[in-house]
Amino acid sequence: MNFNLTLVAQAITFAIFIWFSAKFVWPPLLAAIETRQKTIADGLSAAERGRLELEQASKKSTDSLREGKQQAAAMVAAAEKRAAEIVEEAKSAARVEAERIVEAARGQVEQDVQRAREDLRERVAELAVAGAERILRREVDAKAHSELLAGLKKEL
Amino acid sequence: MSTEHAPSNATEYIQHHLTFNAYPVGDGMVHVDSVITAFVIGALALGFIWWVARGATTGVPGKRQAFVELMFEFVDDTVKGIFPHGDRHSFMAPIALTVFVWVLMMNALDFIPADAAAKVTGLFSDEWRLVPTADVNTTFALALAVWFLMIFYGIKVKGIGGWIHEIFCAPFGGHPLLWPANLLFNIVEYVSKPLSHSLRLYGNMYAGEIIFLLLWVWAATGVAGTVAGAILGAGWAIFHILIVVLQAYIFMTLTVVYLAMAHEGH
């Protein structure tokens, strides 16, 4: 063990190295690591936030899906009800129309019958008059008995 | 080993390898080998870290940066555990990193076989001891620097009055009759701290060097000696990894502990 000026030289070297480390080595490493730690922490909290948002969004979508389903079901029910109503309306309208047509047809038939009866009566009257004429050709004066004939025709 | 004059016996061989390259400066001497080796290896190691730190990305680090950050975190965690007195990033952590990296690298030079290293250092000088921490001047330089910092921080934190008060009134108490006992105790403490701090590292590294040299002496005694020297040399080198890293770690930890103690009042 021989102490000499080496000790002083080494102490100076040590001082230089400490200064170098404290000034140029430690700060950039510390800054890099702390920045990265911050980035990671931010990323983690962002991920957590994203997870919560996703949770909320999926809950919301489930809710709106259920709501939509309910609305659709209500709409279908309303539509079915409306369809039933329309069918019912159409049925009753058809019934009314049918009755009207039947009524009209019945009137027509009655008219026809009336007319036919009228025609028939006329024909019968003519035939009767014709028959009577044939029987009474000579004795009957058409002019004299025309009043009688007309009365007869009316009675028939 | 020198090619100019091969040592004739074991004593001369070991003495040759334990001789510093001393250069007279003024009235004293300077061990050129210790100073230059220590500076070069420290500059290389810290320069490497500086180079990585300068290009450090805040994103995903590469393997090189990850390695440096691993070391950074290790030192930072150690300092964080020992030094809870304010901002450690301005001084305490950088000095711990410096001590750890520098001492580790200086110690690790012990792994280079002395005669192999001499092939390179022999270009500069015949006498060149490769392990600066096996030079008591180096370890004392570091320990005394820490010692002065310890006193500096003691005075800075407690004030000159508080520091002197502590020397006379701690650890036994403030009674005037206890002043001499306190003073004696503190003197012992202030003397033993740098002594144990520096001699622990010096002793370990010096012993490691001596054992290597003894094994190399054995290796020069024939085939059996070469085989035995090689096997035991490998074994000692592997065990020495533990010592090299452990001593660097202890030196760093004690540096931080002493400086942290200087911040604590009694």
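Keep in mind it's a predicted model, so treat the numbers as computed, not measured. (Residues numbered from 1 in each chain as written. Chains lettered and ligands numbered in written order. Predicted model: local features only at pLDDT ≥ 70, side-chain atom pairs only at ≥ 80, totals over all residues.)

## Regarding the overall build of chain A
In step 1: Within chain A one finds two helices and zero strands.
In step 2: Scaling as 2.2 N^0.38, a compact globule of 156 residues should have a C-alpha radius of gyration of about 15 Å, whereas chain A reaches 61 Å, well beyond that.
In step 3: Reported as C-alpha extents along the three principal axes, the dimensions of chain A are approximately 195 × 20 × 20 Å.
In step 4: Scored against the burial criterion, the 156 residues of chain A give a buried share of 8%. (Helix = DSSP H or I, 4+ residues; strand = E, 2+ residues; numbered from the N terminus. Rg over C-alpha atoms; globule rule 2.2 N^0.38 Å. Buried ≥ 20, exposed ≤ 12 C-beta atoms within 10 Å, placed from the backbone.)

## As for the overall build of chain B
In step 1: For chain B, the helix and strand inventory stands at eight helices and two strands.
In step 2: Expressed as lengths along the three principal axes of its C-alpha atoms, the size of chain B is roughly 70 × 55 × 40 Å.
In step 3: Here chain B holds 266 residues, and 36% of them are scored as buried.
In step 4: For chain B, restricting intrachain contacts to residue pairs at least 6 apart in sequence, the fraction spanning at least 24 positions comes to 66%. (Contact = placed C-beta atoms within 7 Å.)

## Details of the interface of chain A and chain B
In step 1: Facing the 28 residues of chain A at the interface are 39 residues of chain B.
In step 2: Residue composition of the side of chain A that touches chain B, grouped by class: 20 nonpolar, seven polar and one charged. (Nonpolar A, V, L, I, M, F, W, Y, C, P; charged D, E, K, R; others polar.)

## Considering the nonpolar core
Within soluble globular proteins, side chains that are nonpolar tend to cluster in buried spots.
In step 1: In terms of nonpolar packing, the biggest core is built from 72 residues, with Ala96(B), Val99(B), Phe100(B) and Val103(B) touching the most fellow members.
In step 2: Elements represented by at least two residues in this core include exactly helix 1 (6-135) of chain A together with helix 2 (32-54), helix 3 (63-82), helix 4 (92-108), helix 5 (114-121), helix 6 (136-169), helix 7 (179-219) and helix 8 (223-263) of chain B.
In step 3: Discounting residues that sit within four places of it in the chain, Val103(B) has contacts with Thr133(B), Leu201(B), Ala248(B) and Phe251(B). (Core = buried A, V, L, I, M, F, W, Y, C linked by C-beta atoms within 7 Å.)

## Observations regarding the pairing of strand 2 (residues 28-31) of chain B
In step 1: Relative to strand 2 of chain B, strand 1 (residues 22-25) of chain B runs antiparallel, the two being bridged by four bridges. Bridged to Pro24(B) within strand 2 of chain B is Met29(B). (Pairing = 2+ DSSP bridges.)

## Topic: unusual backbone geometry
In step 1: The linkage connecting Ala170(B) with the following residue, Pro171(B), adopts the cis geometry, with an omega of 5°.
In step 2: Within the secondary structure, Pro171(B) is located in the loop between helix 6 and helix 7.

## Concerning helix 3 of chain B
In step 1: Compared with the 28 Å implied by 1.5 Å per residue over 20 residues, the 29 Å span of helix 3 of chain B between its first and last C-alpha is a close match.
In step 2: Taken as a whole, helix 3 of chain B has its buried residues at Val68(B), Phe72(B), Val75(B), Asp76(B), Val79(B) and Ile82(B). On an axial view of helix 3 of chain B, the arc spanned by its buried residues comes to 130°, and they lie on one face. Facing away from the buried surface of helix 3 of chain B by more than 90 degrees, the exposed residues are Lys63(B), Ala66(B), Leu70(B), Asp77(B) and Gly81(B).
In step 3: On the buried face of helix 3 of chain B, the contacting elements are helix 1 of chain A together with helix 2, helix 4 and helix 8 of chain B. (Expected span 1.5 Å × (residues − 1). Arc of directions from axis to C-beta.)

## Looking at the environment of Tyr258(B)
All names here are of chain B.
In step 1: Among the secondary structure elements, tyrosine 258 is positioned in helix 8.
In step 2: We classify tyrosine 258 as partly exposed; it has 19 C-beta atoms within 10 Å.
In step 3: Put simply, tyrosine 258 and proline 194 are 64 residues apart on the chain and 9.6 Å apart in space, counted from C-alpha to C-alpha.
In step 4: Setting aside chain neighbours within four positions, we find tyrosine 258 in contact with Val146, Met150 and Lys193.

## Regarding the packing of helix 6 of chain B against helix 7 of chain B
Residues and elements named next belong to chain B.
In step 1: Two elements in contact, helix 6 and helix 7, have axes whose closest approach is 8 Å; the angle formed by their N-to-C orientations is 155°. Between helix 6 and helix 7, the crossing angle belongs to the class labelled roughly antiparallel. Viewed along their axes, helix 6 and helix 7 form a crossing whose handedness is right-handed. Contacts between helix 6 and helix 7 involve Val136, Thr139, Phe140, Leu142, Ala143, Leu144, Val146, Trp147, Ile167, Phe168 and Cys169 on the former and, on the latter, Trp179, Asn182, Leu183, Asn186, Lys193, Pro194, His197, Ser198, Leu201 and Tyr202.
In step 2: Residues that form the contact of helix 6 with helix 7 fall into these classes: 15 nonpolar, five polar and one charged. (Axes fitted to C-alpha atoms, helices over the stretch in contact; angles between N-to-C directions. Parallel < 35°, antiparallel > 145°, perpendicular 65-115°, else oblique. Left-handed = near helix turned anticlockwise from the far one by under 90°.)

## Regarding the confidence of the model for chain B
All names here are of chain B.
In step 1: Averaged over all residues, the pLDDT of chain B equals 90, while 97% of them reach at least 70.
In step 2: For chain B, the element scoring lowest by mean pLDDT is helix 1 (residues 10-17), at 84; helix 4 scores highest, at 96.
In step 3: Per the prediction output, this complex has pTM 0.76; the corresponding ipTM is 0.90. (pLDDT = per-residue confidence, 0-100.)

## Topic: the environment of Phe111(B)
Residue and element names in this part refer to chain B.
In step 1: Position of phenylalanine 111 relative to the elements: it lies in the loop between helix 4 and helix 5.
In step 2: Since 16 C-beta atoms lie within 10 Å of it, phenylalanine 111 is described here as partly exposed.
In step 3: Sequence separation between phenylalanine 111 and glycine 233 is 122 residues; the distance between their C-alpha atoms is 9.9 Å.
In step 4: Not counting chain neighbours up to four residues away, the residues in contact with phenylalanine 111 comprise Ala237 and His240.

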